[in-house]
Amino acid sequence: MANVRIGYGSTVSFKIGAAAAVLLGEVTSIGLPNPQIADVEATHFNSPDRAREYIPGLKDNGEIAIGINYDAGSATDTLVNDAMAETAPIEVTISVPTVSGVNQEFTFPGIVKGFEKTIPIDDRQTATITIRVAGAVTQEAAA
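Numbering of residues starts from 1 in each chain and follows the order in which that chain's sequence is written. Given that the model is predicted, a residue must reach a pLDDT of at least 70 before its local features are reported, and side-chain atom pairs must reach 80 or more before they are shown or counted; all residues, however, enter totals for whole chains, interfaces and linings. Here the side-chain values reflect all heavy atoms present in the structure, with hydrogen atoms and water set aside.

Brief notes about the overall build of the protein
The following threshold applies: Secondary structure follows DSSP: runs of H or I at least 4 residues long count as helices, runs of E at least 2 residues long count as strands, and numbering of each begins at the N terminus. We take the radius of gyration over the C-alpha atoms and set the globule estimate at 2.2 Å times the residue count to the 0.38 power. For every residue, the accessible area obtained with a 1.4 Å probe (protein chains only) is divided by the maximum for its type, and the residue is called buried under 20%, exposed over 50%, and partly exposed between those limits.
Helix and strand content of the protein: 1 helix and 10 strands. Seen in sequence order, the protein has helices and strands lined up from the N terminus as β-β-β-β-β-β-α-β-β-β-β. Here the C-alpha atoms of the protein give a radius of gyration of 19 Å, more than 25% beyond the 15 Å that 2.2 N^0.38 yields for 143 residues. Along the first, second and third principal axes, the C-alpha set of the protein runs to 65 × 45 × 40 Å. Looking at the protein residue by residue over its 143 residues, the buried ones come to 27%.

Written out as structure tokens, the structure reads:
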């Protein structure tokens, strides 16, 4: 049997300043941080075989997208707008179910960069929240 798990039961919370963490409502999709290590060129006049040389640089954890069912004026709408108004990164925690039954939590500072809303004529209203991961990501078993 394959060791797979669906995402049902995953959560996202925002902690703004000293306030308590608040869960986003009606989350439909979650992107996780995507770390990429920059390559820094280290080539010199005597590089072997005239080949470019590189060393590892800094890690960039990228941006994530979170999809939600959009409800204008809801607690989640207000929370995201408040997070966008912040001048400092907020704390983002994403909890993901695992096969073992113990959720894994990804916690990181984030900057809410975008809140794109879509209001179709004959389907549900949705929104996509774009967050820049603004530092290190910790991954650990949920308490």
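Concerning the packing of aromatic side chains
Rules: Each pair of aromatic rings taken from Phe, Tyr and Trp, with Trp reduced to its six-membered ring, is defined by centres within 6.5 Å and is described as stacked if the planes are under 30 degrees apart, edge-to-face if over 60, and tilted in the remaining cases.
Taken as a whole and judged by the stated rule, the model has 1 aromatic pair. Their ring planes at 75° and their centres at 6.0 Å tell us that Tyr-70 and Phe-115 sit as a pair that is edge-to-face. Residue Tyr-70 is located in the loop between strand 6 (63-69) and helix 1 (75-85), and its partner Phe-115 is located in strand 8 (residues 104-118); the two are separated by 45 residues in the primary sequence. Across the pair, exposure class does not vary: Tyr-70 and Phe-115 are buried alike.

Points about the nonpolar core
Put simply, the rule reads: What is meant by a nonpolar core is a set of buried Ala, Val, Leu, Ile, Met, Phe, Trp, Tyr and Cys residues, joined one to another through side-chain atoms within 4.5 Å. Throughout, a residue-residue contact means that at least one pair of heavy atoms, one from each residue, lies within 4.5 Å.
Judged by nonpolar contacts, the single largest core of 22 residues is most densely connected at Phe-14, Leu-24, Ile-66, Val-92, Val-112, Ile-129 and Ile-131. Contact partners of Val-112, with chain neighbours within four places excluded, come to Phe-14, Val-80, Ala-83, Met-84, Ile-90, Ile-129, Thr-130 and Ile-131.

Brief notes about the pairing of strand 9 (residues 126-133)
The side chains of a regular strand alternate, first on one face of the sheet and then on the other. This is how it is decided: Strand pairing is assigned whenever DSSP detects at least two bridges linking the two strands.
Side chains Ala-127, Ile-129, Ile-131 and Val-133 of strand 9 all project onto a buried face; the interleaved residues Thr-126, Thr-128, Thr-130 and Arg-132 project onto a face where none is buried. Where strand 6 meets strand 9, 7 bridges bridge the pair, whose relative direction is antiparallel. Residue pairing in the sheet places Gly-67 in a bridge with Thr-128 of strand 9. Sheet topology places strand 8 next to strand 9; 8 bridges connect them, and they run antiparallel. What sits directly across from Gly-114, in strand 9, is Thr-130.

Things to note about the pattern of salt bridges
Cut-off, in case you're wondering: A pairing counts as a salt bridge when a side-chain nitrogen of Lys or Arg comes within 4 Å of a carboxyl oxygen of Asp or Glu.
Under the counting rule described, the total for this entry stands at 3 salt bridges. One salt bridge connects Glu-41 with Arg-52, and the closest N-O pair in it is separated by 2.6 Å. One end of the pair, Glu-41, is in strand 4 (residues 36-41); the other, Arg-52, is in the loop between strand 4 and strand 5 (54-60), and 11 residues separate them in sequence. Glu-63 is the salt-bridge partner of Lys-113, the closest N and O atoms lying 2.4 Å from each other. Of the two residues, Lys-113 is situated in strand 8 and Glu-63 in strand 6; the sequence distance between them amounts to 50 residues. For Lys-113, a relative accessible area of 49% puts it in the partly exposed group.

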